[in-house]
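Listed below are the residues making up each chain.
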Amino acid sequence: MVKFHQIEMVRDRGFIIPQEELDIYDQFDDTAEYGSEHVQDYIKNFSQLIEESGKTPEKFMNAEYRHNIHENKLLLVFYVEYVRHSTKNGEKIVDNIKDILSIVSKRFSSQDLSDFRLILISPIPPSKQISTYEIKFPSYNIQYFSHAELMFNITKHVLVPTHTLLNPPQKELLSQNVKLANLHTININDPVVKYYGANVGDIFSILREDFAIDTISKQSLIYRRVAVISSSSPGK
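Conventions we followed
Residues numbered from 1 in each chain as written. Predicted model: local features only at pLDDT ≥ 70, side-chain atom pairs only at ≥ 80, totals over all residues. Heavy atoms only, no water. Pairing = 2+ DSSP bridges. Helix = DSSP H or I, 4+ residues; strand = E, 2+ residues; numbered from the N terminus. Axes fitted to C-alpha atoms, helices over the stretch in contact; angles between N-to-C directions. 1 Å grid on protein atoms, 1.4 Å probe; cavity = no way out; pocket = protein on both sides within 12 Å on 5 of 7 lines; lining within 4 Å. Points joined across faces, edges and corners; volume = space filled by probe spheres on them. Nonpolar A, V, L, I, M, F, W, Y, C, P; charged D, E, K, R; others polar. Contact = heavy atoms within 4.5 Å. Salt bridge = Lys/Arg side-chain N within 4 Å of Asp/Glu carboxyl O. Buried < 20%, exposed > 50% of the residue type's maximum accessible area, 1.4 Å probe, protein only.

The four strands lie next to each other as β7-β9-β10-β8, forming an open sheet whose pairing is mixed. Each edge of the open sheet is held by one strand with a lone partner, namely β7 (162-165) and β8 (185-187). Going across the sheet, the axis of each strand differs from the next one's by a mean of 40 degrees, ignoring polarity. Two strands pair when backbone bridges link them, and β8 and strand β10 (residues 219-227) are joined in this way by three bridges, in the parallel orientation. Bridging from a neighbouring strand, Asn-187 pairs with Ala-227 of β10.

Right, here's the structure in full:
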């Protein structure tokens, strides 16, 4: 389930999905109920692929993606692994994020990449060191997802309107008609903003279906600017 929705998220960001992952994606019916025979068969087949690869599940699901239009735009997805270490005070569970960053640093430091993002996916919250890694590797644009966040596609929820991340030409066209700085904001930590990997200053168009309102038009289009909104800040 997590891998399926991760593939979907990467595709929706405009990245090319390799054929071996498309095969995994196409086998799954997202409308099937959890626990159904279809889901159980999918999990069984997916587990068999992992076993045949000879890799850990996490290493099997790690992937690299190039953008469909901008070839120097790279997205890396790593699934965090955890190992138990014996200490004098007992066992300690340690993640491999430091090893992941070392691999990424050695492999891609010399490449000419105009846009680079690293996604870390983990079953549990990241260690407190993650903020240290973000400071040490700012160019990696590290983004963290828990398994729970990828158990479903937030953009397909019935209560979530259609969000479209404007590209630079669309943003420029909009700026000719409205002052972007005056647009109401959407939090950088909003689940949909996070799904699309948007940055501060990016603009979303949001199309709402107003079926509950008796109006001539059943749709409304609004724009929101991505911003950092603290919990103490007033909503906009």
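Here we take up the layout of surface pockets. Reported here for the largest pocket is a volume of approximately 800 Å³. Around the largest pocket, the lining is made up of 26 residues, and of these Arg-13, His-67, Lys-73, Leu-165 and Leu-166 lie nearest the centre. Elements represented by at least two residues in the lining of the largest pocket include exactly β2 (73-79), β5 (115-122), β7 and α7 (168-175). For the lining of the largest pocket, the per-class residue count stands at ten nonpolar, nine polar and seven charged.

For the rest of this paragraph, the subject is the sheet that holds strand β1 (residues 63-66). Within a beta sheet, neighbouring strands are joined by backbone hydrogen bonds and run either parallel or antiparallel to one another. In space, the four strands of this open sheet follow the order β1-β2-β5-β6, with mixed pairing throughout. The open sheet has two free edges, formed respectively by β1 and β6 (143-146), since each of these has just one partner strand. Within this sheet the neighbouring strands show an average axis-to-axis angle of 20 degrees, counted without direction. Where helix α5 (residues 97-108) meets the sheet, its contacts fall on β1, β2 and β5, and the angle it forms with β5 comes to roughly 155 degrees.

Going through the model one piece at a time under the given rule, you end up with five salt bridges. Between Glu-8 and Lys-156 there is a salt bridge; the shortest N-O distance is 2.7 Å. Highlighted residues: Glu-8 in helix α1 (residues 2-12) and Lys-156 in the loop between β6 and β7, separated in sequence by 148 residues. Across the pair Asp-12 and Arg-11 runs a salt bridge, and its minimum N-O distance is 2.9 Å. Taking relative accessible area as the criterion, Asp-12 reaches 28% and is therefore assigned partly exposed.

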